[in-house]
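Letter by letter, the chains look like this.
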Amino acid sequence: MAFKNLRLYTVDLSGGELKNIFSNESLLEECIASARFRPTLDQEMSSCGFAPLFGRHTDAYTFSSNHNHFFRFVEENKLLPSSIIKETLLDEIDKKEAELNRALKKDEKQALKLALTNKLMSQAFVTRRELFIWVNSTYGFVGVSVTSAKRAENAITTLRKALHGSFPAKPLQPHCVVEDRLTSFLAKGELPNDFGLGFDCVLKSTDDTGATVRATKEDLTCKEIISHIEAGKRATELQLNLTDLAQFVLTNDLVVKRLTLEDQFLERNLPQKSDDKIADMQSFLLIEADVLTTVFDKLSKAFDCGI
């Protein structure tokens with residue numbers, strides 16, 4: 001799955017230039033390709049942008065079908081801790097002062113630091129990560145396949161730039177206290193329609209101790225769980241399932257983690273594999289789109305998001 005984790009956003013695409021872009025596949029492709037990823041240069045610490053959706057040796061930066069749109073976002077960062085620069089600089093200063101038989105002046109140290117930093121940056125180890133973005137332009141649903149708010153916002157910001165500076169996506173906003181509602185699901189066993197309890201949860205104390213209980217593969221209706229709630233702990237993560245569709249862990253900031261599709265759902269909906277790998281990937285993305293739309297809609301109603 002491309003979307004094992006999910007940060008949720010809403011955006012209004014009902015009018016103006018954005019509506020035109022998302023209704024024109026060629027124009028959308030052109031916009032996304034204009035913000036294509038390039039590797040980090042020697043004197044850069046990071047770089048990001050969009051890459052061909054289906055991997056190397058493919059051309060399309062987007063895939064659109066039935067108002068669902070998909071993009072692949074790549075981030076590259078250099079690992080150069082400030083402590084390494086500091087220690088290496090002190091070694092270089094000691095070496096230079098020994099050669100000159102005098103203390104270096106402030107501007108000489110600054111010049112040495114700049115030269116050393118540039119040298120270390122060009123030699124630094126580079127990490128590369130990717131994520132996926134899904135947009136349902138009919139409902140204004142947006143999903144980014146990470147749990148990190150910082151990484152998700154970076155991807156949304158780059159998407160906004162690619163779309164001519166306009167993409168007013170906002171995080172999904174509940175009109176309730178999510179922890180209270182998750183805790184109520186456990187304490188009362190009363191869940192919204194189509195939802196069921198899974199087997200994992202995290203309970204945290206509201207006092208200064210920060211006591212935490214993690215339950216894995218447990219009966220979440222058992223007395224031990226209820227006793228922790230009665231003692232004042234609140235659910236900050238809870239595994240839920242949508243009947244015959246998917247299961248996932250939901251956090252208290254409405255982040256979806258460890259999303260998996262039910263086997264019965266895949267058996268009913270997933271076409272048999274073909275000799276065309278890209279066509280197979282497209283088919284699976286469309287299945288994911290249906291699931292993501294349902295998850296988004298159900299969560300919005302369950303937590304009074306009022307979209």
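Given the structure is predicted, the values throughout are model-derived calculations rather than measurements.

About the criteria used
- Residues numbered from 1 in each chain as written.
- Predicted model: local features only at pLDDT ≥ 70, side-chain atom pairs only at ≥ 80, totals over all residues.
- Heavy atoms only, no water.
- Pairing = 2+ DSSP bridges.
- Helix = DSSP H or I, 4+ residues; strand = E, 2+ residues; numbered from the N terminus.
- Axes fitted to C-alpha atoms, helices over the stretch in contact; angles between N-to-C directions.
- Salt bridge = Lys/Arg side-chain N within 4 Å of Asp/Glu carboxyl O.
- Buried < 20%, exposed > 50% of the residue type's maximum accessible area, 1.4 Å probe, protein only.
- Phe/Tyr/Trp six-rings, centres within 6.5 Å; stacked < 30°, edge-to-face > 60°.
- Expected span 1.5 Å × (residues − 1).
- Arc of directions from axis to C-beta.
- Contact = heavy atoms within 4.5 Å.
- Patch = residues over 30% accessible without salt bridge, like charges linked within 9 Å, V, L, I, M, F, W, Y side chains within 5 Å.
- Areas by Shrake-Rupley, 256 points an atom, 1.4 Å probe, with all protein chains shown as cover.
- Lys, Arg positive; Asp, Glu negative; His and termini not counted.
- Charge placed at Lys NZ, Arg CZ, Asp CG, Glu CD.
- Core = buried A, V, L, I, M, F, W, Y, C linked by side-chain atoms within 4.5 Å.

Caption draft 1: Summary view of the sheet that holds strand S11 (residues 246-251). Taking strand neighbours across the sheet as the criterion, the 5 strands line up as S9-S8-S10-S11-S12 in an open arrangement whose pairing is antiparallel. For this open sheet the edge positions go to strand S9 (212-215) and strand S12 (256-261), each flanked by a neighbour on one side alone. Here the average twist between neighbouring strands, direction ignored, is 15°. When strand S8 (residues 195-205) meets S9, the two strands line up antiparallel, connected through 4 bridges. In the sheet register, Leu-203 faces S9, and the bridge partner there is Val-213.

Caption draft 2: Inspection of the pattern of salt bridges at higher detail. The tally for this structure, following the rule as stated, stands at 12 salt bridges. Among the ionic pairs, Arg-102 bridges to Glu-108, the shortest N-O distance being 2.9 Å. For Arg-102, a relative accessible area of 36% gives the class partly exposed. Residue classification places Glu-108 among the partly exposed positions, given a relative accessible area of 27%. In this structure, the salt-bridge partner of Asp-297 is Lys-301, at a minimum N-O distance of 3.3 Å. Separated by 4 residues within a single helix, Asp-297 and Lys-301 lie in helix H9 (residues 277-302), roughly one turn from each other. On the accessibility criterion, Asp-297 (27% relative accessible area) is partly exposed. Judged by its relative accessible area of 59%, Lys-301 is exposed.

Caption draft 3: Main features of the packing of aromatic side chains. If you walk through the whole model with that rule in mind, you get 11 aromatic pairs. Centroid distance Phe-3 to Phe-132: 6.4 Å. Interplanar angle 55°. Geometry classified as tilted. With Phe-3 in the segment before strand S1 (7-10) and Phe-132 in strand S5 (residues 125-136), the pair connects residues that are 129 residues apart, well separated along the chain. By relative accessible area, Phe-132 is classed as buried at 17%. Each member of the aromatic cluster is reached from another via a ring pair, and the members are Phe-3, Phe-54, Phe-63, Phe-70 and Phe-132.

Caption draft 4: Summary view of helix H4 (residues 106-123). Look at H4: 26 Å from first C-alpha to last across 18 residues, which is about the 26 Å you get at 1.5 Å a residue. Of all the residues in H4, the buried ones are Leu-116, Thr-117, Leu-120 and Met-121. One face of H4 carries all of its buried residues, which in axial projection span an arc of 135°. Those residues of H4 that are exposed and angled more than 90 degrees off the buried face are Asp-107 and Leu-114. Contacts made by the buried residues of H4 are with strand S4 (68-79) and helix H3 (82-100).

Caption draft 5: The environment of Leu-28, seen in detail. Checked against the element boundaries, Leu-28 lands in helix H2 (residues 25-33). When its relative accessible area of 0% is taken as the criterion, Leu-28 is described as buried. With 35 residues separating them along the chain, Leu-28 and Phe-63 place their C-alpha atoms 9.6 Å apart. If sequence neighbours within four positions are ignored, Leu-28 has contacts with Ile-21, Phe-22, Thr-62, Ser-64, His-69, Phe-71 and Leu-163.

Caption draft 6: Local environment of the environment of Leu-163. Take Leu-163: it is sitting in the loop between helix H5 (149-162) and strand S7 (170-171). Separated by 135 residues in the primary sequence, Leu-163 and Leu-28 place their C-alpha atoms 8.1 Å from one another. Aside from chain neighbours lying at most four places away, what touches Leu-163 is Leu-18, Ile-21, Phe-22, Leu-28 and Cys-31.

Caption draft 7: Looking closely at a negative patch on the surface. A surface patch of negative charge is lined by Glu-87, Asp-91, Glu-92, Asp-94 and Glu-99. The topology assignment puts Asp-94 in helix H3.

Caption draft 8: A look at the nonpolar core. Ranked by internal contacts, the top residues of the largest apolar core, which has 50 residues, are Leu-186, Ile-225, Leu-238, Phe-248, Leu-250, Leu-299 and Phe-303. Contributions of two or more residues to this core are made by S5, helix H6 (178-188), S8, helix H7 (223-230), strand S10 (233-242), S11, S12 and H9. With 9 residues, H9 is the largest single contributor of residues to this core. Of all hydrophobic cores here, the second largest spans 29 residues; its members include Leu-131, Leu-159, Phe-167 and Ala-169.

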